[in-house]
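Fold and geometry: a report
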Amino acid sequence: MMNMTEHSKMRLADKVTLLRLYLLRGGYLLVVVGLGIKIWPEVINRSGSWELMDGVVQCMLLAFWALCVLGLRYPLQMLPVLMWELAWKSVWLILVALPIWASGHMDAPTMEMAITILWVVIFPFLIPWRFVFANYVMKRADRWV
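In this report, we go over the structure that sits alongside the text. Small disclaimer: the values here were computed from a predicted structure and weren't measured.

1. Comments concerning the environment of Leu62
Here Leu62 is to be found in helix H3 (residues 52–73). Taking the C-alpha atoms as reference points, Leu62 and Ile122, separated by 60 residues in sequence, lie 21 Å from one another. Once residues lying within four places of it in the same chain are set aside, the contact partners of Leu62 are Ile39, Trp40 and Val43.

Now the structure itself:
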């Protein structure tokens with residue numbers, strides 16, 4: 001028999017339309033294919049070790065890719081992954097790229113990175129915000145003790 005929490009979670013998940021679930025899956029698929037095309041050849045074909053920060057970035061991207069693969073099957077459960085992606089990219093665009101662009105000192109590598117990161121603009125349209133609000137803002141927090 002289902003307890004009340006499981007029942008209310010099912011009702012919230014049922015309120016996310018099938019179309020929205022497919023849109024979310026499309027977002028995860030975009031990441032899986034796009035990032036997979038970029039990251040896997042670099043991982044497979046690398047020779048030697050990575051520099052420290054290159055290694056950190058590559059490993060984070062691989063982990064993000066793997067979590068997005070899970071998002072294809074569990075789009076609602078993996079929403080925090082997309083929200084993290086939206087958050088860090090928005091912060092980077094506002095705190096790093098925008099001031100450089102506004103000062104007129106945008107170099108080619110920074111512009112290329114900004115253009116790549118701007119793909120994040122699709123995520124706010126894919127994320128079911130009512131579900132996020134109900135599950136991450138209004139929902140009773142887990143107990144502390």
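2. Re the pattern of salt bridges
Counted according to the given criterion, the structure contains two salt bridges. Residues Glu42 and Lys38 are paired through a salt bridge, measuring 3.2 Å at the closest nitrogen-oxygen approach. Here Glu42 pairs with Lys38, and both are found in helix H2 (residues 18–44), just four residues apart, close to one helical turn. We classify Lys38 as partly exposed; its relative accessible area is 48%.

3. Notes on the packing of H3 against helix H4 (residues 79–103)
Orientation of H3 relative to H4, taken along the N-to-C sense of each, is 140°, at an axis distance of 9 Å. As summarised for this structure, H3 and H4 are arranged oblique, according to the angle between their axes. The handedness of the crossing between H3 and H4 comes out as left-handed. Of the residues in H4, those touching H3 at Met60, Phe64, Leu67 and Cys68 are Val81, Trp84 and Glu85.

Conventions used here
Residues numbered from 1 in each chain as written. Predicted model: local features only at pLDDT ≥ 70, side-chain atom pairs only at ≥ 80, totals over all residues. Heavy atoms only, no water. Helix = DSSP H or I, 4+ residues; strand = E, 2+ residues; numbered from the N terminus. Contact = heavy atoms within 4.5 Å. Salt bridge = Lys/Arg side-chain N within 4 Å of Asp/Glu carboxyl O. Buried < 20%, exposed > 50% of the residue type's maximum accessible area, 1.4 Å probe, protein only. Axes fitted to C-alpha atoms, helices over the stretch in contact; angles between N-to-C directions. Parallel < 35°, antiparallel > 145°, perpendicular 65-115°, else oblique. Left-handed = near helix turned anticlockwise from the far one by under 90°.

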